[in-house]
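Coordinate inspection notes
As a plain string of letters, each chain reads:
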Amino acid sequence: MRGTGLMSDDRYWMEQTIALAALGTGYTRPNPMVGSVVVNDGVLVGCGYHRRAGRDHAEVVAIRAAGARARGATLYANLEPCIHHGRTPPCTDAILNAGIRRVVTALEDPNPEVAGRGVAALLDGGVAVTLGVLQAEAERLNGPFLNLKRTARPWVTLKAAVSLDGRIAARSGVSRWITGPRARAFSHRLRWAHDAILVGAGTARMDDPRMTVRLGDLEMPEPGGPLQVVLSASLDLDPGMKLFSTADARRPPVRVYTVPANRSGRLPAADVVAVREGLDGEVDLGAVLDDLGRIGIRSVLVEGGAGTFAGFLRRGLVNRYALFRAPVVLGDEGGVPLVALPASPSPDDGWWLENDRELPLGRDRLTLATPVR
């Protein structure tokens, strides 16, 4: 029956399942990260995770590893098993055919093609189902996928490297390098975990970034890494920028968002997309997110600059913050603040964050936080 009582080991095995699922970070787009373990009489008999879109789902991998020992066993998965035919067959069929006695899952899949139908099919097949084990942890792991299915918009992470006095660049506008090599390496892992990297035109002109993932020999998943996105109402971008000259036949063209007045603009190696104009004369950020969600982008890493950060912050569009803090003071006069906004009249009127985690990275520290709604 649905909601069968929590067993004493369910939390432990779900922790293992979520850890397995995380191994798919950066590879499974557009699918969620899913892990699965099969346990028989308290003994692990099979495990697996979804490695890439188009390959076997985690439940199928775990059941295959378990073989005949799957019969009468309990299967754990951090997301409701699928019931629809996509690039792979339904996981519910594999579970029923294997003789699994009980399924424990962390949360229902909000994908309309599943959305409780997977659980219903298992119950109809005589499989007991326990739902909601470590739900918060499972939500955190697949926040981008879940957010896209629920809101039709990608998950937004605001990433910045700041000095102790809250500056992202010196008076000259130069920001390389506020943080040290370990922090910069970790920032590439953040890029790896997101479907798109976004900057404003000012940052593109000042820093001339490549906006690529550089993690040594790590194999890049199709279609060649995160989508590169630039916001430019005026289209005042140099065609000779590194952004437009980075050759990778697998990578989709840079996506440049502009306003309707410039919809006929052209840039090499770029898709120019016109969206409605915001009240500030810049591109409307909500419209940008709507379009990215439409093409299946689950997560966006916003990397600057101060005006772009301010726009996302002011409109309440940030889901998560990744703030690298370096032990340096740059000074107030002429330095570039984290957000280009007037100071709040009181601390209570500021944008408060709730720390999820603090990580030391050499001389620097990374704060991962969520907004206090």
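In this report, the structure presented in the accompanying data block is examined. All chains use their own residue numbering, which begins from 1 and follows the written sequence. Given that this is a predicted model, residues contribute local features only at a pLDDT of at least 70 and side-chain atom pairs are listed and counted only at 80 or more, while totals for whole chains, interfaces and linings are drawn from all residues. Values shown for side chains rest on all heavy atoms present in the structure; no hydrogens or waters enter the calculation.

1. Things to note about the nonpolar core
The condition is simple: Residues belong to a common nonpolar core when they are buried Ala, Val, Leu, Ile, Met, Phe, Trp, Tyr or Cys residues joined through side-chain atoms within 4.5 Å. Relative accessibility decides the category of a residue: with a 1.4 Å probe and only protein chains considered, values under 20% of the type maximum give buried, values over 50% give exposed, and everything between is partly exposed. In this text, helices come from DSSP runs of H or I with a minimum length of four residues, and strands from runs of E with a minimum of two, each type numbered from the N-terminal end. Here, residues are in contact when the closest pair of their heavy atoms is within 4.5 Å.
Grouped together as the largest cluster of nonpolar side chains are 33 residues, with contacts concentrated most on L198, Y257, V288, L292 and F312. Sorting the residues of this core by element identifies strand 6 (155-162), strand 8 (196-200), strand 9 (227-231), helix 10 (285-294), strand 12 (299-302), helix 11 (306-314) and strand 13 (320-325) as the ones contributing at least two each. Sort the elements by how many residues they give to this core and helix 10 lands first, with five residues. Ignoring anything within four residues of it in the chain, the contact list for F312 reads V156, L198, L285, L289, V302, L317 and V318.

2. What about the packing of helix 3 (residues 91-98) against helix 4 (residues 117-124)?
The condition that has to hold: To get an axis, a line is fitted to the C-alpha atoms, and for a helix only the part in contact is used. The angle between two axes follows their N-to-C directions and goes from 0 to 180 degrees. Orientation categories follow fixed angle ranges, with anything under 35 degrees roughly parallel, anything over 145 roughly antiparallel, 65 to 115 roughly perpendicular, and all other angles oblique. Throughout, a crossing is termed right-handed when the near helix is turned clockwise from the far one, and left-handed when it is turned anticlockwise from it by less than a right angle. Basically, the charged four are Asp, Glu, Lys and Arg, the nonpolar ten are Ala, Val, Leu, Ile, Met, Phe, Trp, Tyr, Cys and Pro, and anything else, Gly included, counts as polar.
Look at helix 3 against helix 4: their axes get within 10 Å of each other, and the N-to-C directions meet at 20 degrees. When the axes of helix 3 and helix 4 are compared, the pair comes out roughly parallel. In the crossing of helix 3 with helix 4, the sense of the turn from one axis to the other is right-handed. Of the residues in helix 4, those touching helix 3 at T92, I95 and L96 are G118, A121 and L122. Among the residues making up the contact of helix 3 with helix 4, the classes are represented as four nonpolar, two polar and no charged.

3. As for the environment of E354
With respect to the element layout, E354 can be found in strand 15 (residues 353-361). For the pair E354 and S299, spaced 55 residues apart in sequence, the C-alpha separation works out to 20 Å. For E354, the residues in contact, after removing those within four places along its chain, are L368, A369, T370 and V372.

4. As for helix 1 (residues 10-21)
Inclusion rule: Given the number of residues in a helix, its expected span is that number minus one, multiplied by 1.5 Å. Working note: the arc is built from the helix axis to C-beta atom directions.
Taking 1.5 Å of rise per residue, the twelve residues of helix 1 would be expected to cover 16 Å, and the 16 Å separating its terminal C-alpha atoms lies within 8% of that figure. Listing the buried residues of helix 1 in full gives D10, W13, M14, T17, I18, L20 and A21. An end-on view of helix 1 places all buried positions within 155 degrees of arc, on one side of the element. On its buried face, helix 1 sits against strand 1 (35-40), strand 2 (43-49), strand 3 (74-77), strand 4 (102-105) and helix 5 (135-141).

5. Here we look at the sheet that holds strand 4
Inclusion rule: Whether two strands pair depends on DSSP finding at least two bridges between them.
Sheet architecture is open: five strands sit in the order 2-1-3-4-5, paired in mixed fashion. Because the sheet does not close on itself, it has two edges, and the strands there are strand 2 and strand 5 (128-131). With strand direction ignored, the average angle separating the axes of adjacent strands in the sheet is 15 degrees. Here four bridges tie strand 4 to strand 5, and the two strands are oriented parallel to one another. If you follow R102 over to strand 5, its bridge partner there is A128.

6. A short note on the pattern of salt bridges
Note the following rule: Should a side-chain nitrogen of Lys or Arg be within 4 Å of a carboxyl oxygen of Asp or Glu, the pair is scored as a salt bridge.
Overall, the coordinates contain 17 salt bridges when judged by the stated rule. Note that R191 is salt-bridged to E303, the shortest N-O span being 2.8 Å. You can see R191 sitting in helix 7 (residues 181-192) and its partner E303 sitting in the loop between strand 12 and helix 11, a full 112 residues away along the chain. Just as R191 is buried, E303 falls in that class too. Connected through salt bridges with shared partners, the residues R29, D195 and R298 form a single ionic network.

7. Here's the deal with the packing of helix 2 (residues 58-66) against helix 3
Close contact between helix 2 and helix 3 brings their axes to 9 Å; oriented N to C, the two are set at 20 degrees. Taken as axis vectors, helix 2 and helix 3 run roughly parallel relative to one another. As for how helix 2 packs across helix 3, the hand of that crossing is left-handed. Residues E59, V60 and I63 of helix 2 pack against C91, A94, I95 and A98 of helix 3. Here the residues of the contact of helix 2 with helix 3 are counted per class, giving six nonpolar, no polar and one charged.

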